[in-house]
Amino acid sequence: MGGYDVARLAELETLSAGMLDSAVARYKEAIEADSSFILAYWHLGRIFSWHGAEDPRPFLYRAAAHARGLDPKNSALIITDSMAVAVRRSPVPLSRWTTSWRVLGVLEGAASRDPGDPQVWYELGEAQYHWGANVTTPDAEASVRAFQRAIALSRRYPTDPDAPQGMYQVVR
């Protein structure tokens, strides 16, 4: 992982949960210090895709281009995030449809490979919510099941005020 190790990444992830400006600055510092720190590109791209301060594509696409060699979970999540950004920005309906099905397929594969990982189930729930039945119709039941699984597997989600709120709105 280069000059930044897993403990540093955990610190950066904690920052991104609630202090976005600080997290953006720290991820940019991490990338400047180690341009091969792919997970920092990915997390920075995720922040920008959620909050729109900058175009997330350069960060997510760079992370996806260099995801080979990462563990299967992070590789799958990075690839699906880059595909999801492509889907949202594609003017071609067929491209959106085929890419969204690929996103769902990758995430369903990740959930079957690692059924005990709450982040994978959360990401699958998000994808099902946004593109489940088809590109324009969410699969609410599948999304709720995935979110419920994420909540059940994680000690963080039931009590953390910074946990993804959209997940709770869907589950309720």
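Residues numbered from 1 in each chain as written. Predicted model: local features only at pLDDT ≥ 70, side-chain atom pairs only at ≥ 80, totals over all residues. Heavy atoms only, no water.

**Here's the deal with the overall build of the protein chain**
Reasoning step 1: Looking only at helices and strands, the protein chain features 10 helices and 0 strands.
Reasoning step 2: Of the regular secondary structure in the protein chain, the N- to C-terminal order runs α-α-α-α-α-α-α-α-α-α.
Reasoning step 3: Per-residue burial for the protein chain yields a buried fraction of 45% across its 172 residues.
Reasoning step 4: Nonlocal contacts in the protein chain, meaning residues at least 24 apart in sequence, comprise 48% of its contacts between residues at least 6 apart.
Reasoning step 5: Accessible area of the protein chain: about 9,100 Å², with a carbon and sulfur share of 54%. (Helix = DSSP H or I, 4+ residues; strand = E, 2+ residues; numbered from the N terminus. Buried < 20%, exposed > 50% of the residue type's maximum accessible area, 1.4 Å probe, protein only. Contact = heavy atoms within 4.5 Å. Areas by Shrake-Rupley, 256 points an atom, 1.4 Å probe, with all protein chains shown as cover.)

**Considering the confidence of the model for the protein chain**
Reasoning step 1: Mean pLDDT over the protein chain: 77, with 72% of residues reaching 70 or higher.
Reasoning step 2: Overall, residues 1-7 carries pLDDT values under 50, and its contacts beyond four positions in sequence, including any with other chains, amount to 11 contacts.
Reasoning step 3: Contacts for the low-pLDDT stretch residues 158-163, under 50 throughout, to residues beyond four places or in other chains number 9 contacts. (pLDDT = per-residue confidence, 0-100.)

**A short note on the pattern of salt bridges**
Reasoning step 1: Under the definition given, this model contains 6 salt bridges.
Reasoning step 2: One salt bridge in this structure joins K28 and E54, with 2.6 Å as the shortest N-O distance. Residue K28 is found in helix α2 (residues 20-33), and its partner E54 is found in the loop between α3 (38-51) and α4 (57-65); the two are separated by 26 residues along the sequence.
Reasoning step 3: A residue is classified by how much of its surface remains accessible, and E54, at 33% relative accessible area, is partly exposed.
Reasoning step 4: Via salt bridges that share partners, R46, D81 and E123 belong to a single interconnected network. (Salt bridge = Lys/Arg side-chain N within 4 Å of Asp/Glu carboxyl O.)

**Focus: the nonpolar core**
The tendency in soluble globular proteins is for nonpolar side chains to be buried as a group.
Reasoning step 1: Grouped together as the largest cluster of nonpolar side chains are 40 residues, with contacts concentrated most on W42, L44, I78 and L124.
Reasoning step 2: For this core, the secondary structure elements donating two or more residues are α2, α3, α4, α5 (72-89), α6 (93-113), α7 (118-131) and α8 (140-153).
Reasoning step 3: The element that contributes the greatest number of residues to this core is α3, accounting for 8 residues. (Core = buried A, V, L, I, M, F, W, Y, C linked by side-chain atoms within 4.5 Å.)

**Some remarks on the packing of aromatic side chains**
Reasoning step 1: In total, this model carries 2 aromatic pairs according to the counting rule given.
Reasoning step 2: When the ring of F48 is compared with that of F59, the centres are 5.4 Å apart and the planes differ by 55°; the resulting orientation is tilted. Of this pair, F48 sits in helix α3 while F59 sits in helix α4, and the two are 11 residues apart along the sequence.
Reasoning step 3: Relative accessible area serves as the criterion here: at 15%, F59 is assigned to the buried category. (Phe/Tyr/Trp six-rings, centres within 6.5 Å; stacked < 30°, edge-to-face > 60°.)

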